[in-house]
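Remarks on the overall topology
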Amino acid sequence: MENAFYDFIIIGAGPAGLSAAQYAARSNLSVLVIENGTTGGQALNINKLENYPGVYPAVDGAAFVESMREQAQEFGASILRSTVTSIDKIGQKFVLETESGRLSSWALLIATGAEHSRLGVPGEDKFAGRGVSWCATCDGPFFKNKRILVVGGGDSACDEATYLSTLSPYVTLVHRRGSLRAQKAVAERVLSNKNITVQFFTQVKEIKGVSKVDSVVLADTRTGETREMQMDGIFEFVGMKPRTELVEMLRKDDKGYIITNYNMETSIKGMFCAGDIRAKPFRQIVTATADGATAAYSAGQYIRTIKNEAYV
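First, a word on scope: everything that follows refers to the structure included in this document. No experiment lies behind these values; they were computed from the predicted model shown.

1. Structural notes on unusual backbone geometry
- Omega for the peptide link from tyrosine 56 to proline 57 comes to 0 degrees, which places this bond in the cis form.
- Within the secondary structure layout, proline 57 lies in the loop between strand E2 (31-35) and helix H2 (61-74).
- Look at asparagine 145: it is not a glycine, yet its phi comes out positive at around 60 degrees.
- Along the chain, the position of asparagine 145 falls in the loop between helix H3 (136-139) and strand E9 (148-151).
- Classification of asparagine 145 by relative accessible area gives exposed; the value is 55%.

2. Details of the packing of helix H1 (residues 15-26) against H2
- Put simply, H1 and H2 touch, their axes get as near as 8 Å, and they point 25 degrees apart. Relative to H2, the element H1 lies roughly parallel. Judged by the twist between their axes, the crossing of H1 over H2 is left-handed. Note on element contacts: H2 touches H1 through Val65, Met68, Arg69, Gln71 and Ala72, opposite Pro15, Leu18, Ser19, Ala21, Gln22 and Ala25.
- Counted by class, the contact of H1 with H2 contains seven nonpolar, three polar and one charged residues.

3. Describing the packing of helix H4 (residues 155-164) against helix H5 (residues 184-191)
- Across the interface, H4 lies against H5 with an axial gap of 9 Å and an inter-helix angle of 40 degrees. When the interaxial angle is binned, H4 and H5 end up oblique. In terms of crossing hand, the pair formed by H4 and H5 is left-handed. Of H5, the residues touching H4 (which contributes Asp155, Cys158, Asp159 and Thr162) are Val186, Ala187, Arg189 and Val190.
- Broken down by class, the residue content of the contact of H4 with H5 amounts to four nonpolar, one polar and three charged.

4. Re the pairing of strand E12 (residues 202-209)
- Examined bridge by bridge, E12 and strand E13 (residues 213-220) share seven bridges and lie antiparallel to one another. Bridged to glycine 209 within E13 is valine 213.
- With antiparallel pairing between neighbouring strands as the criterion, E12 and E13 make up a hairpin whose turn holds three residues.

5. Some words on the packing of aromatic side chains
- All chains considered together, the criterion is met by four aromatic pairs.
- On the basis of an interplanar angle of 85 degrees and a centroid distance of 5.7 Å, the ring pair of phenylalanine 143 and phenylalanine 235 is categorised as edge-to-face. Here phenylalanine 143 is found in the loop between H3 and E9, whereas its partner phenylalanine 235 is found in strand E15 (residues 233-236), with 92 residues between them in sequence. Taken individually, phenylalanine 143 and phenylalanine 235 each receive the classification buried, so the pair is uniform in this respect.
- The cationic tip of lysine 93 hangs over the ring face of phenylalanine 5; the distance from NZ or CZ to the ring centre is 5.0 Å.

Rules used in this analysis
Residues numbered from 1 in each chain as written. Predicted model: local features only at pLDDT ≥ 70, side-chain atom pairs only at ≥ 80, totals over all residues. Heavy atoms only, no water. Helix = DSSP H or I, 4+ residues; strand = E, 2+ residues; numbered from the N terminus. Buried < 20%, exposed > 50% of the residue type's maximum accessible area, 1.4 Å probe, protein only. Axes fitted to C-alpha atoms, helices over the stretch in contact; angles between N-to-C directions. Parallel < 35°, antiparallel > 145°, perpendicular 65-115°, else oblique. Left-handed = near helix turned anticlockwise from the far one by under 90°. Contact = heavy atoms within 4.5 Å. Nonpolar A, V, L, I, M, F, W, Y, C, P; charged D, E, K, R; others polar. Pairing = 2+ DSSP bridges. Phe/Tyr/Trp six-rings, centres within 6.5 Å; stacked < 30°, edge-to-face > 60°. Lys NZ or Arg CZ within 6 Å of the ring centre and 35° of its normal.

Structure (structure tokens):
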């Protein structure tokens, strides 16, 4: 793999990266997708993907991204499990240093997504993996019929609380505001679920235990009054943080998301961005795949211009 050259390198194998890989490979570009974790990104955490157009009945996120991966590879894209340590641009070529050696390409897509934000409270780090989790489908089965706390009020928190309610009748969802931020249908599903108790104006102050989570200290956001609840598992869904460590030089918005134009072009020519890492008003799998397809089309035009193969 040392010094291998491709037309288009994609960093990240979530829906945005895999969509771009499929479109780019299908248009006869040599494509490499680099993923340093499990292929699929945040989509793997979806229990039932029910709002992707044309995918019905609902499928789980893992099955969906596995189909995307197979499709991209069928069209000729290669997938490499490795970690990118640096990105440079020398002339018109991008040069990447990775654990698998040096790679280069004409164009580059950043589709590294976002990671879960943390509460930053005492006990959170201590009990990570011992009662504190950010993935209900991964860790929920460990808490069957146990006391589960879900933190958050958006789509992810509500979806995960709904899934956890199939494992335990003792699910509590806490949100620091007075109403859920999730889409109406998603929120109503939680509010009408007999296995879920919703507590508004409530935030986590501390996670306590000895060898594992035993309880959580909650505070009323209006009065500051605190109380302690016995708890076995805590699942946090309080927002996302874009993974921009490799591309700190790019222009970003005030929340740290990368700014692009409608062609998915960043502030560096030949470097594109797609998916949850990009500054935009709405983040769903369908918007990520659309970003990826657009980025692949734009990258293809850019590459063919460099190679004097441009067409109109």
